[in-house]
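# Remarks on the overall topology
Residue-level listing of the chains:
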Amino acid sequence: MLKYTLKRLLVFIPMIIAISLIAFIISINAPGDPIDRLSKSAGNEGGAEKQSGTTKKEKQKLRKKHGLDLPLFYFSISDLASCDTLYKVQDRDQRENLESLIHQFGNWTAVDNYYKSLLDLQIEHQKIDINAIYENDSTLNKNDLNESLNQIGFNIVSLLEESNTVIVDAKFGNLERLITNDNNFTSLSSAYHNVKNRRKLLSTTKTKWKTYIPSINWYGFKSQYHHWLFGNGKERKGIIRGDFGISYNDSQEIKDKIWDKVGISFTLSLLSILLAYLVSIPIGIYSAYKKDSRTDKTLSLILFILYSLPTFFVGTVLLLFFANSDFYLWFPEAGIKDPVIWGNHPEWSDSFWDIFNWSRIKHQAPYLLLPIITYTYGSFAFLSRIMRIGMIDIVSQDYIRTARAKGLSEKTVILKHALRNSLLPIITVFASIFPMAVGGSIIIEVIFSIPGMGLEMFNALLNYDYPMIIAFFTLIGFLTM
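All residue numbers refer to position in the chain's written sequence, counted from 1. Totals for whole chains, interfaces and linings use every residue, but because this is a predicted model, local features are given only for residues with pLDDT of at least 70 and side-chain atom pairs only at 80 or more, for both listing and counting. Side-chain figures throughout are based on the complete set of non-hydrogen atoms in the structure, without hydrogens or water.

Nonpolar cores were defined as sets of buried Ala, Val, Leu, Ile, Met, Phe, Trp, Tyr and Cys residues, with membership established by side-chain atoms within 4.5 Å. The buried label goes to any residue with under 20% of its type's maximum accessible area, the exposed label to any with over 50%, and the partly exposed label to all in between, with areas taken from a 1.4 Å probe on protein chains only. Core analysis: the biggest nonpolar cluster contains 33 residues, and Tyr-114, Ile-152 and Phe-185 have the highest contact counts within it. Phe-185 has contacts with Ile-128, Ile-133, Leu-145, Ser-148, Leu-149, Ile-152, Leu-178 and Ile-179, leaving out every residue within four places of it along the chain. Formed by 26 residues, the second largest nonpolar core is a distinct cluster that contains Ile-35, Ile-239, Ala-460 and Ala-471. Contacts are residue-level and defined by heavy atoms, with any inter-residue pair within 4.5 Å sufficient.

And the structure:
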């Protein structure tokens, strides 16, 4: 037994590391920049607001706080042409553009000079004051000036994010027309010509051969993955100690958001699983005892009809007929409590783990009955058939025939001798149900507006809250292992 346990633990550790690595890869490849979601200016994506010095400083602070200014992993495998500090470029589109330019030309120095010249041009563009130009020449059309200036800014941003030769040529043509042929923007001429010269050097100093020579860059423990897994030794503890970071939506700690949500889903699922076992085990025993009889076939037909009904259909039908004032308003239609009544009972805890208060149970029972039925009905066929098969296999064993030969009653033979061993398969199945119980059911919790992990995950998917999604993914993987 000890040897088996040690072997399982040795398998468990690398699998958990693999799960965490997959979760991390998903998080870093998710669309968008998390800093844009977390920064105060997330709602103001365009124009000067996005490029303002104040906004950039705020983003730099957030990036450093969450360890996003570090390299991704302990090491990276690239080529001789690549830069080992490219991760410091904050904008993802610009970073991908630099990687593409390195792959095209193989000369990081030339690519870096071209990139910096574009940034210089962008800075000069931001310094232009339309009002000052208009005051010097009031015959100009102010709207046209603004439009031209915006077009220049748009083309500069496109060059920072684009490496396709055809598109880049078109953008340079636009800048040539807007800057060189317009006397109002002569202050940009010097920086623009510097960009043109740097671009020419990309082709004349090309060292494509460097992209074919592999190179390994070692970063050590100061990496995003180490920070994400083990923490930074300060405010972050890492997911290995239950710290999944903060939510993109409300900047709250994910571990705090998950705790009560898991409690709600776990309690509902546990109650439904217990109910399913209490119903399925007697049905399985009776079906095995009446094997191939009309009763056995009728029970199988009914159970498999229930099994074939989708949960969203059953949940909607239950709400329509039993939580609808036009039919029979027997049960509440949503939630898990009445906020008015709940507020008048300070002894009722908000935590769903505190479930041993009888008055609270009576209050919440009507809210939970329909969801529990929706959770449970589909398990009857699955569990009862496993019980039936296990019982049929056991009753054909020699020791059962011996018990019958001793003159024991059929009830004693089935319930005392056969039942104990036939329960092993159905108990084993519980291990696979447990992760699903903690994860909740997205469909059921959305239909009944139950604030559990399923509904939380649904909202996280709609709002691109990747840390919450990754926390859910990692937690379920851990419980499955």
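Having put the structure on the table, let's press on.
A separate point is the packing of aromatic side chains. By convention, a stacked pair of Phe, Tyr or Trp rings (six-membered ring in the case of Trp) has centres within 6.5 Å and planes under 30 degrees apart, an edge-to-face pair has planes over 60 apart, and any other such pair is tilted. All told, the structure shown has 13 aromatic pairs when counted by the stated rule. Judged by centre distance (5.2 Å) and plane angle (50°), the rings of Phe-73 and Tyr-225 are tilted. On the criterion of sequence distance, the pair formed by Phe-73 in the loop between α4 (53-65) and β1 (75-79) and Tyr-225 in helix α11 (residues 224-230) is long-range, its members being 152 residues apart. For Phe-73, a relative accessible area of 25% puts it in the partly exposed group. Per the convention used, a helix needs a DSSP run of H or I reaching at least four residues, while a strand needs a run of E reaching at least two, with both numbered from the N terminus.

Patches here: salt-bridge-free residues with over 30% relative accessible area, like charges joined within 9 Å, nonpolar side chains (Val, Leu, Ile, Met, Phe, Trp, Tyr) joined within 5 Å. Note that accessible areas follow from Shrake-Rupley with a 1.4 Å probe, and for residues the cover is restricted to the protein chains shown. By definition here, a salt bridge exists when the distance from a side-chain nitrogen of Lys or Arg to a carboxyl oxygen of Asp or Glu is within 4 Å. Here the positive residues are Lys and Arg and the negative ones are Asp and Glu; neither His nor the chain ends is included. To locate a charge, the coordinates of NZ of Lys, CZ of Arg, CG of Asp or CD of Glu are taken. Together, Asp-93, Glu-96, Glu-99 and Glu-161 make up a negatively charged patch on the protein surface. Counting residues per element, the negative patch draws most heavily on helix α5 (residues 92-105), which supplies three residues. Relative to the helices and strands, Glu-161 is located in helix α8 (residues 142-161).

Within the secondary structure, Ser-163 is located in the loop between α8 and α9 (165-180). Residue classification places Ser-163 among the buried residues on the basis of a relative accessible area of 15%. Counting of polar contacts relies on pairs of N or O atoms within 3.5 Å, with two restrictions inside protein: one atom must be capable of donating a hydrogen and the other of accepting it, and residues adjacent in sequence are counted only when both atoms are side-chain atoms. Among the polar contacts made by the side chain of Ser-163, one reaches the side chain of Ser-100 at a distance of 2.7 Å. The contact partners of Ser-163, leaving out residues within four places of it in the chain, are Asn-97, Ser-100, Leu-101, Gln-104 and Val-168.

For helices, the fitted line uses only the C-alpha atoms of the stretch in contact; every axis is such a line through C-alpha atoms, and the angle between N-to-C directions lies from 0 to 180 degrees. Running from N to C, helix α6 (residues 108-127) and α8 point in directions that differ by 160°, and their axes come no closer than 10 Å. Viewed along their axes, α6 and α8 adopt a mutual orientation that is roughly antiparallel. Relative to α8, α6 is oriented so that their crossing is left-handed. Residues Tyr-114, Tyr-115, Leu-118, Leu-119, Leu-121, Gln-122 and His-125 of α6 touch α8, and the partners they reach there are Leu-149, Ile-152, Gly-153, Ile-156, Val-157, Leu-159 and Leu-160. Roughly parallel means an angle under 35 degrees; roughly antiparallel means over 145; roughly perpendicular covers 65 to 115; every other angle is labelled oblique. Less than a right angle of anticlockwise turn of the near helix away from the far helix marks a crossing as left-handed, whereas a clockwise turn marks it as right-handed.

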